[in-house]
Amino acid sequence: MDLQLKDRTVLVTGGSSGIGLATVELLLAERANVVACARDLGRLESALAPFGGGERLAAIACDVRDTAQVEALLAAARERFGGLDGLVNNAGGSRMKPRSEVTLNDWRDELDLKFSSVLNTVTAALPLLRQSPAAAIVNINAVLARQPDPRLITTSAARAGLLNLSKSLSIELAAEGIRVNSVALGLVDTGQWRRRYDESGVAGTYADWEAEIAADRGIGLGRFGRAEEVAAMIAMLLSARSSYVTGATIDVDGGVGRYV
Ligand SMILES: NC(=O)c1ccc[n+]([C@@H]2O[C@H](COP(=O)([O-])OP(=O)(O)OC[C@H]3O[C@@H](n4cnc5c(N)ncnc54)[C@H](OP(=O)(O)O)[C@@H]3O)[C@@H](O)[C@H]2O)c1
């Protein structure tokens, strides 16, 4: 099926690793124009180099928590590609801390990264998205938004706020034909989990460690997700093939979500 993304322009935040990187790769394969950002420009450029995006790819340094940097990012996207059709709010990382260890600054940082940054980016992108004939926003979220885990209390709360915000935005922007959807992730094998494995000091292989966690968390499919599996859903939600889908939350979680 042709996703009809050719010549559409999509901004992917957090494009240097994991889900963001897989999304950039897929969008380029669909011959979309892609603006990818991350804080570390060197890492972003070397991660994207194998894709050979050429004229279709712009890699830009941006910390999505900084409003001025986000505005500059959108200005660069407009200058380079003349507009914007899709926005993937993906930048982030997890904060594995129980309430007893969380400081007030941790709470502020987490809300800044997982909530305010999305609001910043959507606000800055809206003038361009409004000019697109088929605009779509995809907010990367987590099953934690609906199924909180006390080991990740700040992430769970911030994700719940983002889910609520996404629904409000979808209702408001539907009148302008701009679709807003969320992808709720379970556990996906990316840099986040590789870093945790390295820090854990466990003796076994990554595969053993992953299988143990998958069993412990009750992941129905018995394994972590792969970044490509998430990217495929993101591309579908960006595509005009999903033209009647807005305000939805699609779980890409291997069955770990237990809510209905
Ligand atoms: N993997 C999972 O199991 C899982 C589960 C639930 C939700 N998620 C969410 O899915 C998204 C992608 O996660 P991932 O697993 O692919 O993570 P990842 O491999 O660690 O990649 C994170 C990306 O975000 C960028 N980033 C982080 N902070 C940023 C900031 N302030 N401004 C701009 N870019 C920033 C990173 O680059 P720089 O460090 O250079 O900025 C990197 O490109 C995140 O929002 C994460 O919370 C992941």
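Note that this is a predicted model, so its numbers are computed, not measured. (Residues numbered from 1 in each chain as written. Predicted model: local features only at pLDDT ≥ 70, side-chain atom pairs only at ≥ 80, totals over all residues. Heavy atoms only, no water.)

A. Local environment of the overall build of the protein chain. What the protein chain contains, in helices and strands, is eight helices and nine strands. Relative to its length of 260 residues, the protein chain is compact, with a C-alpha radius of gyration of 18 Å against a globular reference of 18 Å. A total of 260 residues make up the protein chain; the buried ones form 49% of that total. In the protein chain, of all internal contacts separated by at least 6 residues, the share reaching a separation of at least 24 is 73%. When the accessible surface of the protein chain is split by element, carbon and sulfur atoms take 51% of a total near 12,000 Å². Both charge centroids of the protein chain, one from 28 positive and one from 31 negative side chains, sit 3 Å from each other. (Helix = DSSP H or I, 4+ residues; strand = E, 2+ residues; numbered from the N terminus. Rg over C-alpha atoms; globule rule 2.2 N^0.38 Å. Buried < 20%, exposed > 50% of the residue type's maximum accessible area, 1.4 Å probe, protein only. Contact = heavy atoms within 4.5 Å. Areas by Shrake-Rupley, 256 points an atom, 1.4 Å probe, with all protein chains shown as cover. Lys, Arg positive; Asp, Glu negative; His and termini not counted. Charge placed at Lys NZ, Arg CZ, Asp CG, Glu CD.)

B. Examining the site of the ligand more closely. The full set close to the ligand counts 33 residues, and S16, S17, R39, N90 and T190 are the nearest of them. A distance of 2.9 Å separates an oxygen atom of the ligand from a polar backbone atom of I19. A distance of 2.4 Å separates an oxygen atom of the ligand from a polar side-chain atom of T190. The fraction of the free accessible surface of the ligand (880 Å²) that becomes covered by protein chains is 94%. Per-class residue counts for the shell around the ligand are twelve nonpolar, 13 polar and eight charged. When residues of the shell around the ligand are sorted by domain, at least three fall in each of domain 1 (9-187 + 225-252) and domain 2 (190-223). (Near = heavy atom within 4 Å. Polar contact = N/O pair within 3.5 Å; in protein donor to acceptor, adjacent residues only side chain to side chain. Nonpolar A, V, L, I, M, F, W, Y, C, P; charged D, E, K, R; others polar. Domains from an automatic or database assignment.)

C. Region of the structure containing the sheet that holds strand β1 (residues 9-13). Reading across from one edge, β3-β2-β1-β4-β5-β6-β9 is the order of the seven strands in this open sheet, with parallel pairing throughout. With partners counted over all chains shown, the strands left at the sheet margins are β3 (57-61) and β9 (249-252), one partner each. Taking the axes of each pair of neighbouring strands and ignoring which way they run, one obtains an average angle of 20° across the sheet. Bridge count for β1 against strand β4 (residues 86-89) is three bridges, and the pairing is parallel. (Pairing = 2+ DSSP bridges. Axes fitted to C-alpha atoms, helices over the stretch in contact; angles between N-to-C directions.)

D. Inspection of the environment of V245 at higher detail. The residue V245 is located in the loop between α8 (227-238) and β9 in this model. The class for V245 is partly exposed, based on a relative accessible area of 28%. Taking C-alpha positions, V245 is 8.3 Å from V180, a pair spaced 65 residues apart along the chain. In this view, V245 contacts R179, N181 and L237; residues no more than four positions away in its chain are not counted.

E. Inspection of the domain arrangement of the protein chain at higher detail. Each assigned domain of the protein chain is listed here: domain 1 (9-187 + 225-252) and domain 2 (190-223). Of note, the centres of domain 1 and domain 2, computed from C-alpha atoms alone, are 25 Å apart. Taken together, the contact pairs 15 residues of domain 1 with eleven residues of domain 2. Note on domain 1 versus domain 2: buried area summed over both sides is about 990 Å², and carbon and sulfur give 47% of it. Contact with domain 2 buries area across many residues of domain 1, yet M96, L187 and R226 alone supply 47% of it, more than any other trio. Where domain 1 touches domain 2, the interface holds two salt bridges. (Buried area = accessible area lost by both parts, 1.4 Å probe. Salt bridge = Lys/Arg side-chain N within 4 Å of Asp/Glu carboxyl O.)

F. Region of interest: the side chain of R196. The topology assignment puts R196 in helix α6 (residues 191-200). Buried charge R196 goes without a salt bridge, the closest partner of opposite sign being E199 at 6.6 Å. Apart from the residues within four sequence positions on either side, R196 is in contact with S94, M96, L152 and W209.

G. Geometry of the packing of helix α1 (residues 18-29) against α8. α8 packs onto α1 with a crossing angle of 55° between their chain directions and a minimal axis gap of 8 Å. In terms of orientation, α1 lies oblique with respect to α8. Between α1 and α8 lies a crossing whose hand is right-handed. Note on element contacts: α8 touches α1 through A227, E228, V230, A231, A232, I234, A235 and L238, opposite G18, I19, A22, T23, L26 and L27. Grouping the amino acids of the contact of α1 with α8 by side-chain chemistry returns eleven nonpolar, two polar and one charged. (Parallel < 35°, antiparallel > 145°, perpendicular 65-115°, else oblique. Left-handed = near helix turned anticlockwise from the far one by under 90°.)

H. Structural context of the packing of helix α4 (residues 104-129) against helix α5 (residues 153-174). It is the contact of α4 with α5, at a shortest axis distance of 8 Å, that shows an interaxial angle of 20°. On the basis of their axis angle, the class for α4 and α5 is roughly parallel. As for the relative orientation of α4 and α5, their crossing is right-handed in sense. In this structure, α4 contributes W107, E110, L111, K114, F115, V118, L119, V122 and L126 to the contact, and α5 contributes I153, T154, T155, A157, A158, R159, G161, L162, L165, L169 and L173. A breakdown of the residues in the contact of α4 with α5 according to their chemical character gives 14 nonpolar, three polar and three charged.

I. Molecular detail of the pairing of strand β6 (residues 179-185). Of all seven residues making up β6, seven are buried, and the element is well covered by its neighbours. Taking every second residue as pointing to the same face, both faces of β6 are buried, with R179, N181, V183 and L185 on one and V180, S182 and A184 on the other. In this sheet, β6 lies alongside strand β5 (residues 136-142) in parallel orientation, the contact comprising seven bridges. Note on β6: the bridge partner recorded for A136 is R179.

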